Amino acid sequence: DNDGDDAIQSWAEKCGIAHVMEVCSGKLNNIQNNKVTVAEAHGAAYLGGTCVRSLRLMNGNNHTTINTTTTETNNTNDNPSSKQHPSGGLIAFCHDKANSTITNLGLGTLSTDENVGIACSESLHIAFSHREQVDAPILPPTLYSSTSSSISSLTDAITRYGLQTDHVDANRACSLAKAAGMALAASTSASGETEELGPSRMDLVDKLFGLLGSASYKKNEDLGLIVGEALGCYADGYCPTGAVWSMPNGEERMRGVDDEEEYDEEYAVLLPPHAHVVYRILRGEIKTSNPHKRLACAPAMLALVARAVRLAIRGEQHKARAFIRTIQTHLLEFQSAFLQLLSNPKAKHLTRESCCLGLAACQGVATHTQQGEGAGEGEDGVVSESEKLNIRLLRAFGQTTNFGTSAFMETRAQESARRRANNESNTATTTDQPNRMLEDFGIVEEGGTAGMGEASLNSYREMASAALSLKRPDILYSLMMVSVTHPIWFTSEFKYNYNANALMGRGEGGGRNLTEIRSVLSPHLSKLIPRLLRAKHDPNKQTRDQIGVLWKCITGGGAEGRMVVGLHLLSTIDALIEDATCKLWRSRVGACGALSEVLVGRSWEDLGGGKSATVDDLIIGNGAVGETSTAKAGARLLKLWRVTMRSMDDVRLAVRESGEGLARTMRSLTTRLCDPAAESPSSEDFGYTSNIVGSAATENAAAAAASTSLGWLVKDGLNQPCAEATGACVSTLLGVVDVARSSTLQPVLPELIGSLTMAISGLEPAALNYLQVRAAASNDASTGGASSERLERLRLQMAQSGPINAALTKCLDMVRYVPIECQRAVIPHLDTALRCGSGFATRAAAADAVTTLCSTCPDAFKFPGQNSTNPTVQLLRAFYYSSERERGAMAKDRMAHALGSIAALAPGQSVRALAVRACDKYNSSMGSNDDPAARKAAASALRAIAVRAPVQFSEGGPKAIWCRRVLPIAYLGLQDEDEKVAMLWKEVWEEGGSAANKTTGSKSSNSDFGNLLQEKLLSYLVTACIDALNDVSWSRRRSSCASLIELADLNILAPPPRSLETTKQVLDKNSLLRARHRSKASCAVLTAAIHLLRKKRVWKGKDKLVKAAVKIAGKWNVGSVGKSDVDSNAAIWGLEVGTTSQCDWIPLTLDILPDDLFIDDGWFSRQTSEEEEEEEDTDINVSNKKISTETSKDACEDANSSSSSASGVDKMTNLDFEDTEISTCIPGEEKSQSKTLPTDGMRTVTYVGICRLLLQQAVLCDGPSSNELLPYRAAALQGLSDIFQSNKLLGKTSNDGSVTDTNDRYVYRLLAPQFIELIVGNKKNSDDDSDKKKTTQPPLIIARSINCLSSAMYKGIGGACQNEKNTIEECECLSKLAKIFQEGSGASQPAWTVREASALAGASLATNAAFSALRKMDTLNTLIECTVQTSKDRKFWKVRLAGLKLLRALVSRSGPARSISMTGTTTTLDSNSIEIERQLILEALLPQKEKILKLARNSLGDSESQVTAVASEVCSAIAWWP
């Protein structure tokens, strides 16, 4: 001992440590007073700590005998003063300064300055550290007090900066934990020497455990590993050889952690350090309720087990240490704890990898502590500790030696067998029955410990599967260690303590380094690569990261890894295809991702090569790709597509997302394989020599790939139920079509065209259809559907500009070059697309395709037969029905356009049948069944045929469908209420009519029927108009009336043009036939119109019927049916002169037949009795109900309208315009189809009868609801006025102005009283005069009645007739009539139309009155007064104009030989008697000259030019008056 003291003394004197420690101690003393700078404190701390460490180590080296002879415990009873230097000089001084330094460093850890605090804690770590040896040197007794003080300071510092949230500093906590570990290790030998050191050590250990899961740990997870190493230093700080540690209560060993007894703090304090740490961490910390603390135990336990394995690796002398024995004893508990933390779903990166390394460290402890004892199962059947760990680990990962495949690859039968075996080996209770049932259905997760999730153990399960498949279970630990990626394991502080060599030893027990692992795995890569690739793309990020690192370590990653995959490509693809259909969704996700990676850039030969394959090949081969198969690559390609479609329609979102990635890869792969111009992949990319040689092989491979992929994509790919899958197939199909050769596409071209057409709508966003429907529903009349049409146009533009349409166009361009059989095969597919297409874009595309093929491949539409089995006929009908049901206008136009194109190539019989059906549909879509869309569709279809297929109109078949049905309906359609429909019918009439006109003209070139098509088709037009008139639909009646009016305006329903020079003409047969043609047509129409007009029911548009009847009657107002008139007008009616047969087709006669509407029918005499027989429930019965004139109530029309015309009109469906005496046929009329018209079919209307009928319609409608019938009543009166005007030219007067023709006078006398009654109103007489009331008519009726009275006035009214006695009736009295007109034109009349009509009637009266009656003064004064009254109307110029016309008529009657008439015509009268009468009228007017002149001159300044013009005529006419 004295020699040791001398050595220390000498060492101290030589190195000068005393002075250094004195300076450092002085500086450190000023830390608390803040009298030292940070730099000084920093330097003093590190230098002082180093000096203390040197002093401790020097003291320990000179007391080795004391350290080795201590055998009882670490406590000593020797007096500390006995170990001091006898002289008490330099050594004592150094120990004193060391005490001061340690104490000040401990206090410095509490400094608020972070730099000072960290420097002090690190200096303490240096001061208590020792050389790399197992045991810490014995602490000198002189340092007991300072060590205790520093431990207390460390405890307070950890509490402040590691546990309290207000001052948490993770860096300082780490530094303090390191210092605490060294302080605990250094003070272990002196823990029982003083009363203060032991409790302070326990407090510090407690604070170290408290750092696990604390606030500082959350900021820096590395703290868990540092705390573990500090606890390891505490647990194994001092354990000399042969030392025996005492246990509490005399126990031989520490209580097991599996005991039911809870954690006992008092018991833990009494345990030795190594047992204390193990007991507390396994029994207390790992079972705490704080999840953060539990997870933080993983790196701490790793540090403990790693320290044990490092000591065991050093040599046999260390295996007997108490710390290692304790770890070995509780090794299974450590493994269970690691597995439990590993399976925790909340475990973070460091925790998981700490568990992995901890499991490897457990294996390392078991391996190195039992070396020499034998490993595995010996002769006595005892299983070694290492084997037990392996079995438990594999079982935890769902692996056993009996079920060596991965849990992902485990079949349902294997799973059930394993679970039954486990349940039978254990005693099952009744509570296990539900679990067994669930397990049978695969509901419970396979493998793993209790609570261990599939996602948490997936990567490790795969590692275990790989290890067992290689028959090297021990390599699992190497794989786990290789897969760690946390940066902490690669830092200089930890990388040598936690690498593979440190945890499991160097070169022992299997692959410990990367080179060895690769060499071991290389023969088994074909089985290992699919598993690793699948796990590399696992949905769990933890699994992906770990397996990714493992993959890089095993294969090298990058190009090297791709080369390895290329060497085992086929087996890898086949295995991944099977995994992609596994029942476990994680396996499906990983397999799809792995396939997406390995398929990039592969060639046809890489997939196996061979010929093309079909789905039938897979069915026959049960989906297997055999070695002898000739279509290996094709079969794999089809299986890959099937797997892709299945994954994209999976119930799991993760699988669908992974499937979308695989679909993109498959699209790229398929497109490149089908491209013969694609470059072959370089062999350097795959690590083997490519089998593709030459362009011929490339083209053959591309052809095989295209044939395989196109066949599947067209038949199955585009029919997927999943929209995303269909989109992927469409995208791939477009790519293949874009790069493939024409010869490759030819076998599937028909199916391809149909599929592409169907796919156009499949990729369209559903939102566009929704928006268009909503826009169409919300459009009002003001917008007219503009927004809906814009959306439709946008949708069509998108479809046309899309890639599908481009591919379809390319395929359609190829059709012209393929054989005719292939061309014809396209037609049924287009028909299917048109009928089954879900979107209008598909139907529009089909229409465009048909239009294109009609122009490029017309022979493709020529099939034998004309029935419904003909594909062209089916397509023709499909287009018609599609155009009728399509909502959008543009789509309808395309359908109609295609219909016209195909109609030019379809059989004529089918086209004519379609045309007849369209006409019937148009007729039935009016009235109560009003359907504008159907009418427009029918018109569009016929318009398309007329424009696109005019050749069809030139051949009407044996029934002349175009002339008999289509063109007449088109002519009626010109009057459709919808302008768009009318425009369509106009094109049908013009285009189709021109084609039919050429054919008709060529057949009857010798006939002279004019140039108008209407006249050539007159018989058919009349038939159609009569059918429309007899229809219950009001709209059809209106169209018919408008058409008849147009025919009358064109002078077609009128006598033919004739010369007026001679009365009798010599006409050829064609001229006579033409006249008869017109006469019969007019007679038939007029008969039908009069039959419908005399019905009491009033419907909307009946006023047009009145106009049509009046116009036709006015055209034929030529004479009577007497013998003389018949002879004179025979050319007009088409009757040969001198014939003895009666003419039955004269439209109108002027014979006076008072009671006849038609000749000899006596209709007016029997009208009363027929009214009693007719139904009383009619709208004309205005006394009980009102009349509805809305077209929406066409269903309420008289159902007997057709039957009521049974008198002959309904039988005139075919008019016979032929005569046995005339051999020439009417153009377009065939004898085989003509029918003999019944004798009552066409009847002659009487002039008097039609006048009475019109007046009856205007008068009988009078009543309470007459205002609703006002338009019709006004139309009837206007028609009556028009027919009177048409008869004016036939009136004849004698030289003296008396009437020579009694017809007009008879009609006037018959009707004028009723006109006057309507004008002035009637009085209802009663017994009391006070009850007399005057019934007034609406102003419009009064005005029209005045017009009728004016038009009915005959020449010489008011005078005597030559054939009768000189009698004048009241209605012919000029003075009374003048009074009526004066009253109507006066200011008392509020309606200006009545005032105007009264003045004009006065003018007519002045013009037609007899001279003897007109020259009466009261008559003249009354008429002039009418003019005066009208001239005062300054608001309505028409009233003033009418008054001046009256004045002009009076002046013209007194004029010279050249007189001015109402119409401006000049009449020369040579009779002397007329001159005398004129002179007498002039004498009667002269007294009123000034008044007349004043009225005329005042009107010359009128603002209206017409008024001034008439006034000028009046002034010029009276200028010659005397």
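Residues numbered from 1 in each chain as written. Predicted model: local features only at pLDDT ≥ 70, side-chain atom pairs only at ≥ 80, totals over all residues. Heavy atoms only, no water.

### A closer look at the overall build of the protein chain
Counting secondary structure elements, the protein chain contains 67 helices and four strands. In the protein chain, of all internal contacts separated by at least 6 residues, the share reaching a separation of at least 24 is 75%. (Helix = DSSP H or I, 4+ residues; strand = E, 2+ residues; numbered from the N terminus. Contact = heavy atoms within 4.5 Å.)

### Brief notes about the pattern of salt bridges
Inspection of every chain in the model, using the stated rule, returns 36 salt bridges. Here Glu 597 ties to Lys 536 by a salt bridge, and the two come within 3.2 Å at their closest N and O atoms. Placement of Glu 597 in helix H29 (residues 585-598) and of Lys 536 in helix H25 (residues 525-536) is noted, with a sequence separation of 61 residues between them. In this structure, Asp 930 and Arg 935 form a salt bridge, with 2.5 Å as the shortest nitrogen-oxygen distance. Taken together, the salt bridges that share partners define one network made up of Asp 135, Asp 236, Arg 307 and Arg 321. (Salt bridge = Lys/Arg side-chain N within 4 Å of Asp/Glu carboxyl O.)

### Considering unusual backbone geometry
Of note in the backbone geometry, Ala 960 takes a positive phi value of approximately 50° without being a glycine. Mapping Ala 960 onto the fold places it in the loop between helix H45 (932-948) and helix H46 (961-973). A residue is classified by how much of its surface remains accessible, and Ala 960, at 11% relative accessible area, is buried. Backbone geometry at Asp 1160 places phi at a positive 65°, although glycine is not the residue there. (Buried < 20%, exposed > 50% of the residue type's maximum accessible area, 1.4 Å probe, protein only.)

### Some words on the packing of aromatic side chains
Tallied over the full model, the rule gives 13 aromatic pairs. Both rings, one in Phe 1284 and one in Phe 1315, keep their centres 6.4 Å apart while their planes meet at 80°; by these two values the pair is edge-to-face. Placement of Phe 1284 in helix H57 (residues 1270-1286) and of Phe 1315 in helix H58 (residues 1302-1320) is noted, with a sequence separation of 31 residues between them. Across the pair, exposure class does not vary: Phe 1284 and Phe 1315 are buried alike. (Phe/Tyr/Trp six-rings, centres within 6.5 Å; stacked < 30°, edge-to-face > 60°.)

### Some details on the side chain of Ser 175
Tracing the backbone shows Ser 175 in helix H8 (residues 170-186). What makes Ser 175 buried here is its relative accessible area of 7%. Not counting the four nearest positions on each side in its chain, Ser 175 is found in contact with Ile 118, Ser 121 and Glu 122.

### Remarks on the environment of Ala 725
By the secondary structure assignment, Ala 725 is in helix H34 (residues 723-739). Setting aside its immediate chain neighbours within four residues, Ala 725 contacts Met 645, Met 648 and Gln 720.

### Things to note about the side chain of Arg 843
Along the polypeptide, Arg 843 turns up in helix H41 (residues 840-856). With relative accessibility at 17%, the residue Arg 843 sits in the buried group. Sequence-distant contacts of Arg 843, that is, excluding residues within four places in its chain, are made with Leu 834, Gly 837, Ser 838, Glu 886 and Met 895.

### Notes on helix H67 (residues 1505-1517)
For H67, built from 13 residues, the straight-helix expectation of 18 Å at 1.5 Å per residue is met to within 8% by its first-to-last C-alpha distance of 18 Å. Those residues of H67 that fall on the buried side of the exposure criterion are Val 1507, Thr 1508, Val 1510, Ala 1511, Val 1514, Cys 1515 and Ala 1517. In this structure, the buried side of H67 is in contact with helix H64 (1437-1453) and helix H66 (1489-1499). (Expected span 1.5 Å × (residues − 1).)

### Let's talk about the state of the cysteines
Summed over the entire model, instances satisfying the criterion amount to zero disulfides. Unpaired in this structure, Cys 857 has its nearest cysteine sulfur neighbour in Cys 854, at a distance of 9.5 Å. Cys 857 gets classed as buried once you look at its relative accessible area, which sits at 3%. (Disulfide = S-S within 2.5 Å.)

### A closer look at the packing of helix H60 (residues 1374-1385) against helix H61 (residues 1392-1408)
At a minimum axis separation of 7 Å, H60 and H61 run at an interaxial angle of 155°. One finds that H60 runs roughly antiparallel with respect to H61. By crossing handedness, the relation of H60 to H61 is classed as left-handed. Residue-level inspection shows Leu 1374, Leu 1377, Ala 1378, Phe 1381, Gly 1384 and Ser 1385 of H60 in contact with H61, the latter providing Val 1394, Arg 1395, Ser 1398, Ala 1401, Gly 1402 and Leu 1405. Its residues assigned to classes, the contact of H60 with H61 comprises seven nonpolar, four polar and one charged. (Axes fitted to C-alpha atoms, helices over the stretch in contact; angles between N-to-C directions. Parallel < 35°, antiparallel > 145°, perpendicular 65-115°, else oblique. Left-handed = near helix turned anticlockwise from the far one by under 90°. Nonpolar A, V, L, I, M, F, W, Y, C, P; charged D, E, K, R; others polar.)

### Observations regarding the environment of Ala 939
With respect to the secondary-structure elements, Ala 939 resides in helix H45. Sequence separation between Ala 939 and Val 988 is 49 residues, and the spatial gap between their C-alpha atoms is 7.9 Å. Among residues more than four places away in sequence, those in contact with Ala 939 are Val 981, Leu 984, Trp 985 and Val 988.

### Some points on the environment of Ile 118
In this structure, Ile 118 sits in helix H6 (residues 114-128). Residues Ile 118 and Arg 172, spaced 54 residues apart in sequence, show a C-alpha to C-alpha distance of 5.8 Å.

### Observations regarding the confidence of the model for the protein chain
Mean pLDDT over the protein chain stands at 76; residues scoring 70 or higher make up 75%. Per-element confidence in the protein chain ranges from a low mean pLDDT of 33 for helix H4 (residues 64-69) to a high of 93 for helix H32 (residues 653-673). Low pLDDT, under 50, characterises residues 1457-1470; the stretch is placed with 22 contacts to residues that sit more than four places away or in other chains. (pLDDT = per-residue confidence, 0-100.)

### Some points on the packing of helix H5 (residues 90-108) against H6
One way to put it is that H5 packs onto H6 with a least axis distance of 8 Å and a crossing angle of 140°. As the angle between them shows, H5 and H6 are arranged oblique. Handedness of the crossing formed by H5 with H6: left-handed. Where H5 approaches H6, its residues Ile 102, Leu 105, Gly 106 and Gly 108 are matched on the opposing element by Val 116, Gly 117, Cys 120, Ser 123, Leu 124 and Phe 128. Taken together, the residues of the contact of H5 with H6 break down into six nonpolar, four polar and no charged.

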